[in-house]
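Below, each chain spelled out in residue letters.
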Amino acid sequence: MENQLKKIAVLTSGGDSPGMNAAVRAVVRTSVFYNINCFAVYQGYQGLIDGNMKVINARGVNNIINKGGTILKSARSLEFRTPEGRKKAYDNLKKNQIEALVVIGGDGSFTGAMIFQNEFNFPVIGIPGTIDNDIYGTNYTLGYDTAINTVVEAIDKIRDTASSHNRLFFVEVMGRDAGHIALNSGIGAGAEEILIPEENRGLEQLLESLKRSEKSGKSSSIVVVAEGDKTGKNVFEIASYVEKNLPYYEVRVSVLGHMQRGGSPSCFDRVLASRMGVHAVESLLKGESNVMVGVNNDQMELTPLEKAIKGKSEINKDLLRVTDILSI
Ligand code: ATP
């Protein structure tokens, strides 16, 4: 490796996601492998400002690969949004002779990292950790695979009760701006209809589809609704609209909520986190900065943070077609 770093730091920021711990473990152990001292920063950017950091060795990350959440804790730091806050963070990094920073988080965390790098010319590298899979420059973000498996498991259970009572269930899943979770877990759980932020097909089409299903002999159904779907109604309003128009259905709503963020990471997320952690440290050693590590077509790739933040991670529209065909 060209650039011998002696000290780096790692933090987790924004919403937690399964796989963050596996990524921390990978960053720490890769640092040890290359004779770099790795500092663990606690409470995200707030920890940088407060000087809440200490050197962590390879044994300090034992038995965390399987744990959800983040052992480093996360925080939403208002102070880091101010130049004064960021100066304090910079001073603490300098005081500890830390030469580069690995940030595991979502697009807000990357915005903070990019501003910090531009202000102080301080090397930063991002690892995308968010269940929403809404970051440009990577096919998958850490935690997404675990989250869709959690959702599928929950919907399977809802289906048991739905079919026993001939009910129509509306299941709200996370995704304010992105429908990846809804679309993929919906197909995986055999949902009748999937409502996502990227495409507003209108409530009429939903009614038509449910009518068709009823006529074809379906006695229960699941409709998956992303938090940010564009019908202009929330899941409870959609459910009561359908109930009014299709009185033969007994309608129920289930909001899955924060359980989607927790749990032990899937094998996919653990492997992804491990690869991203190794690639992040090796990229810093090669002198890379202001970039995010991602995986595209199973290859590790770097994307400038600015592009990762501003770019749009498109949903695969073919999946909508698949839903339409299979919900017949
Ligand atoms: P999630 O996708 O789960 O919401 P995130 O990384 O997008 O994760 P945010 O709360 O948006 O979460 O951002 C995390 C932290 O990054 C903020 O609390 C703040 O400290 C920092 N940050 C975000 N935006 C900025 C900004 N414009 N300037 C400086 N710091 C920022």
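Source: prediction; values computed, not measured.

Enquirer: Describe the pattern of salt bridges, with residues and values.
Expert: Should the charged atoms of two oppositely charged side chains come close, the side chains can pair. In the structure shown here, the tally under the stated rule is 15 salt bridges. Between Arg-167 and Glu-250 there is a salt bridge, with its nearest N and O atoms 2.9 Å apart. With a gap of 83 residues between them, Arg-167 in strand β6 (residues 167-173) and Glu-250 in strand β9 (residues 250-255) connect regions that are remote in the sequence. Among the ionic pairs, Asp-318 bridges to Arg-321, the shortest N-O distance being 2.8 Å. Here the residue Asp-318 and the residue Arg-321 both occupy positions in helix α11 (residues 318-326), the gap between them amounting to three residues, near one helical turn. Residue Asp-318 is classed as partly exposed on the basis of its relative accessible area of 36%. Residues participating in the shared-partner salt-bridge network are Glu-199, Arg-201, Lys-317 and Asp-324.

Enquirer: Go over the sheet that holds strand β10 (residues 291-296), please, and point to the residues and values.
Expert: Pairing within the open sheet is mixed, and its seven strands lie in the order β3-β2-β1-β4-β5-β10-β11. Each edge of the sheet is formed by a strand with only one pairing partner; in this case those strands are β3 (53-56) and β11 (299-304). On average, adjacent strands in this sheet sit at an angle of 30° to one another, irrespective of strand direction. Bridging between strand β1 (residues 7-12) and strand β2 (residues 37-41) involves four bridges; their strand directions are parallel. Paired with Ala-9 across the two strands is Phe-39, which belongs to β2.

Enquirer: Help me get a handle on the site of the ligand, residues and values and all.
Expert: Taken together, 17 residues are adjacent to the ligand, and Arg-76, Ser-77, Gly-106, Gly-108 and Ser-109 come closest. Arg-81 places a polar side-chain atom, nitrogen or oxygen, 3.4 Å from a nitrogen atom of the ligand. A distance of 2.8 Å separates an oxygen atom of the ligand from a polar backbone atom of Gly-108. Isolated, the ligand exposes 620 Å² of accessible area, and the fraction of that covered by the protein chains is 84%.

Enquirer: Which residues make up empty space enclosed by the protein, and what values go with them?
Expert: For the structure on display, the rule yields three cavities of 30 Å³ or more. For the largest cavity, the calculated volume is near 50 Å³. Forming the walls of the largest cavity are Ile-194, Leu-195, Ile-196, Glu-199, Asn-200, Arg-201, Asp-229, Lys-230 and Thr-231. Residues belonging to the lining of the largest cavity are distributed by class as follows: three nonpolar, two polar and four charged.

Enquirer: Any details on the packing of helix α3 (residues 83-95) against helix α4 (residues 107-120)? Residues and values, ideally.
Expert: At a minimum axis separation of 11 Å, α3 and α4 run at an interaxial angle of 70°. Compared by their axis directions, α3 and α4 come out roughly perpendicular. Mapping the contact onto sequence places Arg-86, Lys-87, Ala-89, Tyr-90 and Leu-93 in α3 and Ile-115, Phe-116, Glu-119 and Phe-120 in α4. For the contact of α3 with α4, a count of residues per class yields six nonpolar, no polar and three charged.

About the criteria used
Residues numbered from 1 in each chain as written. Predicted model: local features only at pLDDT ≥ 70, side-chain atom pairs only at ≥ 80, totals over all residues. Heavy atoms only, no water. Salt bridge = Lys/Arg side-chain N within 4 Å of Asp/Glu carboxyl O. Helix = DSSP H or I, 4+ residues; strand = E, 2+ residues; numbered from the N terminus. Buried < 20%, exposed > 50% of the residue type's maximum accessible area, 1.4 Å probe, protein only. Pairing = 2+ DSSP bridges. Axes fitted to C-alpha atoms, helices over the stretch in contact; angles between N-to-C directions. Near = heavy atom within 4 Å. Polar contact = N/O pair within 3.5 Å; in protein donor to acceptor, adjacent residues only side chain to side chain. Areas by Shrake-Rupley, 256 points an atom, 1.4 Å probe, with all protein chains shown as cover. 1 Å grid on protein atoms, 1.4 Å probe; cavity = no way out; pocket = protein on both sides within 12 Å on 5 of 7 lines; lining within 4 Å. Points joined across faces, edges and corners; volume = space filled by probe spheres on them. Nonpolar A, V, L, I, M, F, W, Y, C, P; charged D, E, K, R; others polar. Parallel < 35°, antiparallel > 145°, perpendicular 65-115°, else oblique. Contact = heavy atoms within 4.5 Å.

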